[in-house]
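# Observations on the model geometry
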Number of protein chains: 2
Amino acid sequence: MEIEERSTAARIRDAAIECFATEGIGGTTARRVAAIAGVSPGSVINHFGSMEGLREACDRYLLSVTRDRKERAMTAGPNLDVLASLRDGTHPHLMAYLAEVLSDGSPSVAELVDGMVSDAEGYLAQGVESGMLQPSDDPHGRAVIMVIWNLGLLSMHHHLFRLLDVDLTDPAFASTPAIGNYIRPIMEIYGNGVFTAEFMSSTREAMTALAEHGVTPDSPEEGNAQEGTP
Amino acid sequence: MEIEERSTAARIRDAAIECFATEGIGGTTARRVAAIAGVSPGSVINHFGSMEGLREACDRYLLSVTRDRKERAMTAGPNLDVLASLRDGTHPHLMAYLAEVLSDGSPSVAELVDGMVSDAEGYLAQGVESGMLQPSDDPHGRAVIMVIWNLGLLSMHHHLFRLLDVDLTDPAFASTPAIGNYIRPIMEIYGNGVFTAEFMSSTREAMTALAEHGVTPDSPEEGNAQEGTP
DNA sequence: CATTCTGTTGAACAGTTGTTCAGTGCGAGC
DNA sequence: GCTCGCACTGAACAACTGTTCAACAGAATG
């Protein structure tokens, strides 16, 4: 099950990750992977049983790399950037591979996302304790939203690149000059919010009702909820 | 170029949207679309030239529907929910189709996203004028981030459903009981932010430097920037 | 040296794909 | 009633796909 590094299987798996990342999932064929890895098409199936098996191996590898680096990063203290562990340049296509597979429901990607969420819950709690972050009425929900906002940005990196000139899949992303375009608005929202205090207090009763019962088709705050729904 | 409604071409196009939405882009074939539409495979190509042409027709249709409803929604006042116009049940698979195509860089989807961003800029400006929203140092950047956060949530709806029990592609989404799980944390962040005022003021100098020069590989605020990068 | 074993090959197979096109049916216009 | 035109069919085609497998090389083992 475990793949020896520097082995042929590892070369094939890395070639597959590169192919999935650059050609997309649909554009990846056994022959193309074989060509990149410098082996025969038969060898690809020989090692992984099928193309689906190869895809699963890539997912498992993504998961294991993330876990390895996460442990190393843990010692360096909490970090709100759930993706930082994939951006060290050792595996240049891993981030783009993740971006590609995020929006299809593979089980091991789900496991990865769930892990990121529970990590984020821990980091957020630490941030609250240390006085850096505000406490939340719904710590789990806040962690889910923040993690998926992040991953969503990654999976839409084409649009983000077009609109803000920032490439989230670039290993050298952190030293892009335009990175301010990306961080500035996010820090502004995370720092001050978007709604004014007046607006929040004027809709407080609707919000607490929402927190208790949820929105029902004919709940009276429907009008406000629609305007406020992001 | 314009497709007559109720025509065979329209039926094929709707079948394609359904197929793209439910089977994914890779899982959609000419024969499957033909079966759903109740026509022969040849007819599919006859009407749209090729499968790529069919895909483009679907994108164009998505764009035109969005524009139509947007105009109608304009009269009802600004609305921060950029997706509300697609959620009226007339075309039950349009939202799921959008979710499917968001993460691949089709030109007309790019046009759609750009339109949503410039709409959002307008709505946000109106919200600022009316006192509902805080002004921003970077109105364009804020609009981009907020729109792509939203679209990213949509494109990751599988994960969101697993984690918060909310299905963004469901036409009846607004009346789901669990919708509070989704709205509550977002309203909290948009209302109050995430960082504390103390943390924000302690990193103010780093933030203003960022706003002016961006982050460079050896800029001194690198440490803080990493902790703050979401 | 002979033999086994492991890893690799690449030709071949069956299945699916997009696309073509001669032929069919059917309704409108005369 | 006849004919024309058009939309549609579905069998056929070439190009691809994942997968199989007999053959092969080369190192390790006896």
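First things first, this report covers the structure right here in the doc. (Residues numbered from 1 in each chain as written. Chains lettered and ligands numbered in written order. Predicted model: local features only at pLDDT ≥ 70, side-chain atom pairs only at ≥ 80, totals over all residues. Heavy atoms only, no water.)

## Here we look at the overall build of chain A
Applied cut-off: Per the convention used, a helix needs a DSSP run of H or I reaching at least four residues, while a strand needs a run of E reaching at least two, with both numbered from the N terminus. Relative accessibility thresholds used throughout: buried, under 20% of the residue-type maximum; exposed, over 50%; partly exposed, between the two (1.4 Å probe, protein chains only). Here, two residues are considered to be in contact whenever any of their heavy atoms come within 4.5 Å of each other. Note on areas: these come from Shrake-Rupley sampling with a 1.4 Å probe, and a residue is covered only by the protein chains present in the view.
The number of helices and strands found in chain A is 12 helices and zero strands. Reading chain A from its N end, one meets helices and strands in the order α-α-α-α-α-α-α-α-α-α-α-α. Residue burial in chain A is summarised as follows: out of 230 residues, 53% are buried. Sequence separation of at least 24 residues holds for 53% of the intrachain contacts in chain A that already meet a minimum separation of 6. Split by element, the accessible area of chain A, about 10100 Å² in all, is 52% carbon and sulfur.

## Side note on the relation of the copies chain B and chain A
Threshold: The copies were overlaid by least squares, fitting only the C-alpha atoms of residues that reach a pLDDT of 70 or more in each copy.
For the match of chain B to chain A, the screw axis carries a shift of 0.0 Å, the RMSD comes to 0.1 Å, and the turn is 180°. A rotation of that kind, with that shift, is consistent with a two-fold axis. Here 100% of the interface residues in chain B have copies in chain A that are interface residues too; the copies meet face to matching face.

## Concerning the interface of chain B and chain A
In plain terms, the rule: Once two parts are put together, the accessible area they lose, assessed with a 1.4 Å probe and summed over both, is termed the buried area. Within this document, salt bridges are pairs made up of a side-chain nitrogen of Lys or Arg and a carboxyl oxygen of Asp or Glu, the two lying within 4 Å of each other.
On the chain A side, the residues contacting the 75 residues of chain B number 75 residues. For the pair chain B and chain A, the summed buried area comes to about 7700 Å², and 67% of that belongs to carbon and sulfur atoms. Our count for the chain B to chain A interface comes out at four salt bridges. A salt bridge links Asp114 of chain A to Arg162 of chain B, with the shortest nitrogen-to-oxygen separation between them at 2.8 Å.

## A short note on the protein's contact with DNA strand C
Put simply, the rule is: One heavy atom suffices: a residue is near a molecule or strand as soon as one of its heavy atoms comes within 4 Å of it. A 3.5 Å cut-off defines polar contacts: any pair of N or O atoms within that distance qualifies, except that in protein one atom must be a possible hydrogen donor and the other a possible acceptor, and neighbouring residues in sequence count only when both atoms are side-chain atoms. Under the grouping applied here, Gly and all other residues not named as nonpolar or charged are polar, the nonpolar ones being Ala, Val, Leu, Ile, Met, Phe, Trp, Tyr, Cys and Pro and the charged ones Asp, Glu, Lys and Arg.
Near DNA strand C, the surroundings consist of 16 residues, among which Thr8, Ser40 and His47 of chain A together with Ala30 and Met51 of chain B are the closest. In this structure, Thr8 of chain A approaches DNA strand C through a side-chain N or O atom, which is 2.3 Å from a phosphate oxygen. Note that a phosphate oxygen of DNA strand C is positioned 2.7 Å from one of the side-chain N or O atoms of His47 of chain A. The set of elements that each furnish at least two residues to the surface near DNA strand C consists of helix H3 (41–48) of chain A together with helix H2 (30–37) and helix H3 (41–48) of chain B. Of all the elements, H3 of chain A adds the most residues to the surface near DNA strand C, at four residues. Across the surface near DNA strand C, the residue classes break down as four nonpolar, 10 polar and two charged.

## Regarding the side chain of Ser103 of chain B
Looking at where Ser103 of chain B falls in the secondary structure, it is placed in the loop between helix H5 (94–101) and helix H6 (107–129). Judged by its relative accessible area of 17%, Ser103 of chain B falls in the buried class. At 3.4 Å, the side chain of Ser103 of chain B and the side chain of Ser103 of chain A are in polar contact. Residues within four places of Ser103 of chain B in sequence aside, it is in contact with Ser103, Ser155 and His158 of chain A.

## With respect to the packing of helix H1 (residues 8–23) of chain A against H3 of chain A
Residue and element names in this part refer to chain A. Keep this limit in mind: Note on geometry: axes are C-alpha line fits, over the in-contact stretch for helices, and angles between N-to-C directions span 0 to 180 degrees. Orientation is classified from the angle alone, with under 35 degrees giving roughly parallel, over 145 giving roughly antiparallel, 65 to 115 giving roughly perpendicular, and any other angle giving oblique.
It is the contact of H1 with H3, at a shortest axis distance of 10 Å, that shows an interaxial angle of 105°. Taken together, the axes of H1 and H3 are roughly perpendicular relative to one another. Contacts between H1 and H3 involve Thr8, Ala9, Ile12 and Arg13 from the former and Ser43, Val44, His47 and Phe48 from the latter. For the contact of H1 with H3, the residue count by class is four nonpolar, three polar and one charged.

## Considerations on the protein's contact with DNA strand D
Contacts to DNA strand D come from 16 residues, most closely from Thr29 and Met51 of chain A together with Thr8, Ser40 and His47 of chain B. Those atoms of DNA strand D that come within 4 Å of the protein belong to sugar or phosphate at a rate of 51%. A distance of 2.7 Å is found between a phosphate oxygen of DNA strand D and a backbone nitrogen or oxygen belonging to Met51 of chain A. Looking at the surface near DNA strand D, the elements that each hand over two or more residues are helix H2 (30–37) and H3 of chain A together with H3 of chain B. The dominant element in the surface near DNA strand D, judged by the number of residues it contributes, is H3 of chain B, at four residues. Along the lines of polarity and charge, the residues of the surface near DNA strand D split into four nonpolar, 10 polar and two charged.

## Some words on unusual backbone geometry
Of note in this structure, Asp165 of chain A is not a glycine but carries a positive phi near 65°. Considering the arrangement of structural elements, one finds Asp165 of chain A in the loop between helix H8 (157–164) and helix H9 (179–192).

## Details of the packing of aromatic side chains
Formally: Only rings of Phe, Tyr and Trp enter the pairing, Trp through its six-membered ring, and a pair is recorded when the two centres are within 6.5 Å. The plane angle decides the type: under 30 degrees is stacked, over 60 is edge-to-face, the rest tilted. Remark: a charge is flagged as sitting over a ring if the NZ atom of Lys or the CZ atom of Arg is within 6 Å of the ring centre and within 35 degrees of the ring normal.
Throughout the structure, instances matching the rule amount to 11 aromatic pairs over all chains. For the ring pair Trp149 of chain A and Trp149 of chain B, a centre distance of 3.8 Å and an interplane angle of 0° mean the geometry is stacked. Here Trp149 of chain B lies in helix H7 (residues 139–155) and Trp149 of chain A lies in helix H7 (residues 139–155), a pairing that spans two chains. For the pair Trp149 of chain A and Trp149 of chain B, a shared accessibility class is recorded, and that class is buried. Ring geometry for Phe173 of chain A and Tyr182 of chain A: centres 5.8 Å apart, planes at 80°, overall edge-to-face. Classification of Tyr182 of chain A by relative accessible area gives buried; the value is 3%. The structure contains a cluster of three or more aromatic residues connected by ring pairs, namely Trp149, Tyr190, Phe195 and Phe199 of chain A together with Trp149, Tyr190, Phe195 and Phe199 of chain B. When the ring centre of Tyr61 of chain A is taken as origin, the NZ or CZ atom of Arg13 of chain A, which lies over that ring, is 3.6 Å away.

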